[in-house]
Amino acid sequence: MSVTKEKKSELIQAYKTTEKDNGGSAASQVAVLTERIRNLTEHMKNNHNDQHSKRGLLLMVNRRKKLLSYIKKRNPAEYEDLIKKLGLRK
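Not measured: the values here are computed from a predicted model.

This brings us to the overall build of the chain. Along the backbone of the chain there are four helices and zero strands. Moving toward the C terminus, one meets the helices and strands of the chain in the order α-α-α-α. Computed over the C-alpha atoms, the radius of gyration of the chain is 14 Å, within 12% of the 12 Å expected from 2.2 N^0.38 for a compact globule of 90 residues. Seen through its principal axes, the chain has C-alpha atoms that stretch 40 × 30 × 20 Å. Each of the 90 residues in the chain was classed as buried or not, and the buried ones make up 34%. Summarising the internal contacts of the chain: among those between residues at least 6 apart in sequence, 52% fall at separations of at least 24. Entry remark: accessible area of the chain is about 6,600 Å², with carbon and sulfur atoms responsible for 50%.

As structure tokens, this is what we get:
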């Protein structure tokens, strides 16, 4: 259900912006959050009364939204590329 260390490392390697990036860039944070959101969404389909997980899901979605707006403001081309790679809508 949760994102393993290996999966998180793969996502960071795939979406890092510089060679020294260890997961701190906005793009890699968005990628990890997207994976966690997808996993938690699957959990919520089976456990729709889990209010604690629902709150966590909403917090993650809002954090990702803020990071995406930051990327869009800073570099619109990077934003477009990122949402296409992750399969997110505008």
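Our next topic: the side chain of T34. Assignment of secondary structure puts T34 in helix α2 (residues 26-46). On the accessibility criterion, T34 (1% relative accessible area) is buried. Other than its neighbours up to four places away in sequence, T34 contacts R64, L86 and L88.

Confidence along the chain averages 93 in pLDDT terms, with 98% of residues attaining 70 or more. By mean pLDDT, helix α1 (residues 5-15) is the weakest element of the chain at 93, and helix α3 (residues 51-74) is the strongest at 97.

Turning our eyes to something else, we now look at the nonpolar core. With 22 residues, the main nonpolar core has Y15, V30, L68, I71, L82 and L86 as its most contacted residues. Mapped onto this core, the elements with two or more residues apiece are α1, α2, α3 and α4 (76-86). Sequence-distant contacts of Y15, that is, excluding residues within four places in its chain, are made with S25, A27, S28, A31, L82, K85 and L86.

Basis of the calculations
Residues numbered from 1 in each chain as written. Predicted model: local features only at pLDDT ≥ 70, side-chain atom pairs only at ≥ 80, totals over all residues. Heavy atoms only, no water. Helix = DSSP H or I, 4+ residues; strand = E, 2+ residues; numbered from the N terminus. Rg over C-alpha atoms; globule rule 2.2 N^0.38 Å. Buried < 20%, exposed > 50% of the residue type's maximum accessible area, 1.4 Å probe, protein only. Contact = heavy atoms within 4.5 Å. Areas by Shrake-Rupley, 256 points an atom, 1.4 Å probe, with all protein chains shown as cover. pLDDT = per-residue confidence, 0-100. Core = buried A, V, L, I, M, F, W, Y, C linked by side-chain atoms within 4.5 Å.

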